Amino acid sequence: MPSAQLVDAQAVTRALAHAITAASHAPSIHNTQPWRWRAHGDHLELFLDESRTLAVTDPDLRLAILSCGAALHHALVSLAADGRHATVTRLPDKAETTHLATVCVDARIPVEASAVRHLETIALRHTDRRPVQSAAIDAQKLGSIAAAAESQNTSLHVLRPRQLFDLVAATDHAQTIESEDEAWQAEMNHWTGDDHTLGTGIPDTVIARETSQTTPGREFGHPGRMAIADTHHRTAVFAILYGPGDDDLDWLRAGEALSAAWLKATELGLSVVPLSVTIEVTVTREAVRQLLSGPGHPYLVLRFGVPDGDGACPPRTPRLPAERTVEQP
Ligand SMILES: Cc1cc2nc3c(=O)[nH]c(=O)nc-3n(C[C@H](O)[C@H](O)[C@H](O)COP(=O)(O)O)c2cc1C
């Protein structure tokens, strides 16, 4: 009969495998999934996979590291739902900058209902780029989403209606700068469209046929195939995820906050679209920084809305097979 110690070691191995699977559902810039996991014993190590980063769009790797932060939070949600306490060391090795976190699993903990709910929500969460319904978002819901971001040391600034004009202007400016750059066009073409069938990238089925001229959004360089009904974005709420610093650790924490806030929004029945174009261009990132009420650095713009209940939900964006994101021992 196997010893209790061996049985627990096997349960830990299974919990780590579940965590890697949960993390694979995380959102990432252009669906690059720039993470790589190494599991051994009771440890899970998270690395930035530089082969899936965007040299032109994201030269500082801020959005890649932010994406890895979202994957880290998804993994921690899974461990909590498996009844495992986890201790996280972020950026554990100053000499190895791609080593973003080490998660050490120790004692068993009681499984909270909220942890199970968050794990279920991971399977439901997705980017819904369709126009939103003309229903206002409850301020209390926005408060709960902001609290979820705060739980990860990151804040959410909800834009006032008048600030939207500045966001539209910054978005247009960023988009013009990017689309005039041939290297940017080539990179965008590489990561979008139906030819990209390797389990990464954004397929045309989730890109709208037409883009809105009046609300901030992202140009993907070509029209997609997602049919959209009427464009009534008027009740969408735009917010800035921001924090005190502008370095690797801040971007990792911002990704964890993005995951926490997005899971909460999904549980509250709201749709979310991250908008990173203004963050990608230095001059417009500064313009977005000016929209904050106090000091801080912007990490990502988010659109919240009440999702279109009538139209068919867009298909899910594909993911890499797990073995492509796990380092074999
Ligand atoms: C850091 C970051 C930046 C993103 N920027 C945009 C964006 O500007 N526009 C957009 O439509 N989606 C954006 N997304 C959403 C991704 O395209 C999406 O997460 C990815 O394609 C996977 O799809 P899913 O979220 O439906 O699982 C971003 C996501 C992250 C994490």
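Anything mentioned here points back to the structure above.
Residues numbered from 1 in each chain as written. Predicted model: local features only at pLDDT ≥ 70, side-chain atom pairs only at ≥ 80, totals over all residues. Heavy atoms only, no water.

Caption draft 1: The arrangement of the packing of aromatic side chains in detail. The final tally for this structure, using the stated rule, is zero aromatic pairs. Taking the ring centre of Trp 262 as reference, the NZ or CZ of Arg 125 above it sits at 4.4 Å. (Phe/Tyr/Trp six-rings, centres within 6.5 Å; stacked < 30°, edge-to-face > 60°. Lys NZ or Arg CZ within 6 Å of the ring centre and 35° of its normal.)

Caption draft 2: The arrangement of the environment of Ala 115 in detail. Mapped onto the fold, Ala 115 is located in helix H3 (residues 113-124). Put simply, Ala 115 and Asp 82 are 33 residues apart on the chain and 8.7 Å apart in space, counted from C-alpha to C-alpha. (Helix = DSSP H or I, 4+ residues; strand = E, 2+ residues; numbered from the N terminus.)

Caption draft 3: Region of the structure containing the site of the ligand. Residues in close proximity to the ligand total 22 residues, the closest being Arg 125, Thr 127, Arg 129, Ser 276 and Arg 319. At 2.6 Å, a side-chain N or O of Arg 319 approaches an oxygen atom of the ligand. Within the complex, the protein chains bury 98% of what would otherwise be the 620 Å² of accessible surface of the ligand. Sorting the residues of the shell around the ligand by element identifies helix H2 (62-81) and strand S7 (271-275) as the ones contributing at least two each. (Near = heavy atom within 4 Å. Polar contact = N/O pair within 3.5 Å; in protein donor to acceptor, adjacent residues only side chain to side chain. Areas by Shrake-Rupley, 256 points an atom, 1.4 Å probe, with all protein chains shown as cover.)

Caption draft 4: Local environment of the pairing of strand S2 (residues 43-48). Buried residues dominate S2, accounting for five of its six residues. Of the pairings in the sheet, the one linking strand S1 (residues 35-40) to S2 comprises six bridges and is antiparallel in character. Note on S2: the bridge partner recorded for Trp 37 is Leu 46. The loop that links S1 with its antiparallel partner S2 comprises two residues; one of these, Gly 41, has a positive phi angle of about 60 degrees. As paired elements, S2 and strand S4 (residues 99-108) share five bridges and run antiparallel to each other. Directly across from Phe 47, in S4, lies its bridge partner His 99. (Buried < 20%, exposed > 50% of the residue type's maximum accessible area, 1.4 Å probe, protein only. Pairing = 2+ DSSP bridges.)

Caption draft 5: How the structure looks around the nonpolar core. In this structure, Trp 37, Leu 46, Leu 79, Leu 100, Leu 156 and Phe 304 are the most contacted members of the largest nonpolar core, which totals 71 residues. The dominant element in this core, judged by the number of residues it contributes, is H2, at eleven residues. When we break this core down by domain, the ones giving at least three residues each are domain 1 (4-125) and domain 2 (139-305). Every residue in contact with Leu 79, bar those within four places of it in the chain, is listed here: Ala 15, Leu 16, Ala 19, Arg 84, Ala 86, Val 103 and Val 105. By size, the runner-up hydrophobic cluster in this structure holds six residues, among which are Met 188, Ile 202, Val 206 and Phe 220. (Core = buried A, V, L, I, M, F, W, Y, C linked by side-chain atoms within 4.5 Å. Domains from an automatic or database assignment. Contact = heavy atoms within 4.5 Å.)

Caption draft 6: View of the sheet that holds S2. Strand order in the open sheet made by the four strands is S1-S2-S4-S3, with antiparallel pairing throughout. Each edge of the sheet is formed by a strand with only one pairing partner; in this case those strands are S1 and strand S3 (84-90). Between one strand axis and the next, the sheet turns by 20 degrees as a mean value, whatever way the strands run. (Axes fitted to C-alpha atoms, helices over the stretch in contact; angles between N-to-C directions.)

Caption draft 7: Expanded view of the pattern of salt bridges. Taken as a whole and judged by the stated rule, the model has 13 salt bridges. In this structure, Arg 117 engages Glu 267 in a salt bridge whose closest nitrogen and oxygen atoms are separated by 3.5 Å. On the criterion of sequence distance, the pair formed by Arg 117 in helix H3 and Glu 267 in helix H7 (residues 248-267) is long-range, its members being 150 residues apart. We classify Glu 267 as partly exposed; its relative accessible area is 24%. (Salt bridge = Lys/Arg side-chain N within 4 Å of Asp/Glu carboxyl O.)

Caption draft 8: Here's a closer look at helix H5 (residues 163-179). Counted at 1.5 Å a residue, the expected span for H5 with its 17 residues is 24 Å, and the 24 Å between its end C-alpha atoms agrees. Three or more residues of H5 are buried, namely Gln 163, Leu 167, Val 168, Ala 170, Thr 171, Ala 174, Gln 175 and Glu 178. Within H5, the buried residues cover an arc of 165 degrees as seen down the axis, which keeps them to one side. Where the residues of H5 are buried, they touch strand S5 (155-158), helix H6 (182-191), strand S6 (237-243), helix H8 (277-280), helix H9 (282-289) and strand S8 (297-305). (Expected span 1.5 Å × (residues − 1). Arc of directions from axis to C-beta.)

Caption draft 9: Quick peek at the side chain of His 74. Tracing the backbone shows His 74 in helix H2. Relative accessible area serves as the criterion here: at 0%, His 74 is assigned to the buried category. Apart from residues no more than four positions distant in its own chain, His 74 is found in contact with Ala 22, Ala 23, His 25, Ala 26, Pro 27, Ile 122, Arg 125, Ser 259 and Leu 263.

Caption draft 10: Region of the structure containing the environment of Glu 323. With respect to the helices and strands, Glu 323 occurs in the segment after S8. Note: C-alpha distance between Glu 323 and Trp 37 (286 residues apart in sequence) is 9.6 Å.

Caption draft 11: Geometry of the sheet that holds S6. Strand order in the open sheet made by the four strands is S5-S6-S8-S7, with antiparallel pairing throughout. Edge positions in the open sheet fall to S5 and S7, since each of these has one partner strand only. The mean angle between the axes of side-by-side strands here comes to 30 degrees, regardless of whether they run parallel or antiparallel. Relative to S8, S7 runs antiparallel, the two being bridged by five bridges.

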